[in-house]
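Okay, here's what each chain looks like letter by letter:
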Amino acid sequence: MGAAGSELPSSAPITMFGPDFPFAYDDWLAHPAGLGSIPERHHGTEVAVIGGGIAGLVAATELLKLGLRPVVYEAEQLGGRMRSVSFDAHPGAVAELGAMRFPPAATALYHYLDTVGLDTAPFPNPLSACTPSTVVDLKGVSHYARTPVELPSIYQQASDAWDKALNETAELAAMDDAIRRRDVPTMKAIWNRLVPQLDDQSFYGFLTSTSAFTSFRYREIFGQVGFGTGGWDTDFPNSMLEILRVVYTGADVDQRRVLGGSQQLPLRLWAHEHPDPAHWPSGTSLASLHPGGHRPAVTRLSRTARGFTVEDADHRIGTYPAAVFAAQSWMLLSKIGCSEALLPASHWTAVERTHYMGSSKLFVITDRPFWLDADPHTGRDVLSMTLTDRLPRSVYLFDDGPNRPGVMCLSYTWNDDSLKLAALSTKERLDVILASLAQIYPGVDIRSHIIGTPITVTWETEPYFQGAFKANLPGQYRYQRRLFTHFMQDELPQHQRGLFLAGDDISWTGGFAEGAVTTALNAVWGVLNHFGGATPADNPGPGDLFPALAPIELPED
């Protein structure tokens, strides 16, 4: 398997394989021998799974298949930040308030999409092949384009500068080739050189340190427009390592959307009937193990002599020999009363230091995809996918045909731009966003096409999230390593074992569902090991290969 160092052809696709921990989760999942087994005496044992997002439900799914009885706690609705909200009277039209675009490089995630039979389609990112047209509006000047070559040459120059900076300073071509071939020694040699060099450097600092970006104009264009998924300037304060992980692994390339809404994945995992689980009858599902529905929010979590005691919002108390914590890690600091003994002190510090990005979205439903109408004077689309330095920042357009309603993501913002909207009501948000877009499209009456109540979200004000996703700041690599490697517990004292962290904020790739899935699988291996189980000899798991693949450890003195 790739994790053991075998090489694929250099023509193989880029996947989210490494670079910090190059374990082939997709191979582990696909192996006919399965993930492993636990001693029969533990079959039917309850394991608490706290958080019903994609990480929690992947963990619960695999624990069920091992013959354990996952008990899922979720404060709100299943799905977490896979939240697809239907418009009133139009159940087929959805607003993707959280995760909405998924790269094919996310091979572990796509394993589960395929398992439950969900279809995907290309996501209409700027200048992508499925996007009819794109407008880039900067400093009051708009440029219309169907392909990148139609933009002014300075945009291509900024794009070339980015490629030059990556190849000269971050060994992009060599890492690209190594990831395609799953050449672990080469990957680790490159990455282990870069981590100590770049851990203390911000994204913006990296740009300014390269000869390619001596021009402020290039940095400004790149920040506002970016390439692939759009502008990068809200990431400028973050660690450059965060950006390299996305670029190296193709996470921002050829992204796709889940037809009917991404929340279908966690909901279908909940209902999925497993044909041959250990211990349980054929056809057992997570839903069938929770006849009254999932448990409500956890209010207290503590260690006891028998394991972990969990109290929920209905004042029910359960005790479990092991637990998976897959909610946003900050919940351990705020919403859940916790004992200090849950984690080592160094891990509490890492949770405290976790940095979350804020994000807001505003969606509307329209009578039809009117933006495809041709302007009678120019012949262009009357409205396009839009990147701008104005308040909306990004506008995305979704249509399922000319005779069906259209969906517009009128604004997708991050951090400071999100905070500009956080205190506004839905009506106020719509008014200011439409007023801003009127400056770009003065002859287009967007409001006249809106046929339903707008849907909006600001993740930093959501009480069980307090942010959209993790993004490390410079100097936080050590904290992230502590969280990611927490599933390896053999060196912990006995009284600090048995709780396993999962979720995209535990992963190296915050904001990507693939990171949530793979850390859930780490937690599953941890539970398996905790109960004295084992993986098949020819299908070792992430913990089995950890000594060879472990992320580089930076000195703390």
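Every value quoted in this text rests on a predicted model; they were computed, and no experiment measured them.

Colleague: Even after reading the chapter, I still don't get the sheet that holds strand E21 (residues 499–501), so can you show me in this structure?
Modeller: Sheet strands line up and pair through hydrogen bonds in the backbone, either parallel or antiparallel. Taken together, 4 strands build an open sheet; the order of strands is E2-E1-E12-E21 and the sheet is parallel. Looking at which strands have only one partner, the edges of the open sheet turn out to be strand E2 (69–73) and E21. On average, each strand axis in the sheet is inclined to that of its neighbour by 20 degrees, with strand direction left out of account. In the sheet, strand E1 (residues 46–50) pairs with strand E12 (residues 323–325) via 3 bridges, with the strands oriented parallel. By the bridge assignment, Ala48 is partnered in E12 with Ala323. The strands touched by helix H2 (residues 54–65) within the sheet are E1, E2 and E12, with E1 carrying the most contacts at an inclination of about 165 degrees.

Colleague: Is there a simple way to think about helix H10 (residues 264–271) in this case?
Modeller: Taken as a whole, H10 has its buried residues at Leu265, Pro266, Leu269 and Trp270. Buried residues of H10, viewed axially, fall in a sector of 140 degrees; they line one side. Where H10 is buried, its residues contact H2, E2 and helix H3 (107–115).

Colleague: Help me understand the side chain of Asp199, please; the structure alone is not making it clear to me.
Modeller: You can see Asp199 is positioned in the loop between helix H6 (184–198) and helix H7 (203–209). Residue Asp199 is classed as buried on the basis of its relative accessible area of 3%. When sequence neighbours within four positions are dropped, the list of residues in contact with Asp199 reads Leu194, Ser239, Leu241, Pro474, Gly475, Gln476, Tyr477, Arg478 and Leu554.

Colleague: Where do I start with the pattern of salt bridges in this structure?
Modeller: Pairing between side chains becomes possible if they bear opposite charge and their charged atoms approach one another. For the structure shown, the criterion picks out 27 salt bridges. One salt bridge connects Arg146 with Asp381, and the closest N-O pair in it is separated by 3.6 Å. Linking Arg146 in the loop between strand E7 (141–145) and helix H4 (153–169) with Asp381 in the loop between strand E15 (359–366) and strand E16 (385–388), this pair joins segments that are 235 residues apart in sequence. A relative accessible area of 12% means that Asp381 is categorised as buried. Between Asp417 and Arg393 there is a salt bridge, with its nearest N and O atoms 2.7 Å apart. Placement of the pair is Asp417 in helix H12 (residues 415–422) and Arg393 in the loop between E16 and strand E17 (394–399), with a sequence separation of 24 residues. Considered together, Asp417 and Arg393 belong to a single accessibility category, that of buried residues. One network of salt bridges, with partners in common, ties together Asp20, Glu242, Arg245 and Lys470.

What counts and what doesn't
- Residues numbered from 1 in each chain as written.
- Predicted model: local features only at pLDDT ≥ 70, side-chain atom pairs only at ≥ 80, totals over all residues.
- Heavy atoms only, no water.
- Pairing = 2+ DSSP bridges.
- Helix = DSSP H or I, 4+ residues; strand = E, 2+ residues; numbered from the N terminus.
- Axes fitted to C-alpha atoms, helices over the stretch in contact; angles between N-to-C directions.
- Contact = heavy atoms within 4.5 Å.
- Buried < 20%, exposed > 50% of the residue type's maximum accessible area, 1.4 Å probe, protein only.
- Arc of directions from axis to C-beta.
- Salt bridge = Lys/Arg side-chain N within 4 Å of Asp/Glu carboxyl O.

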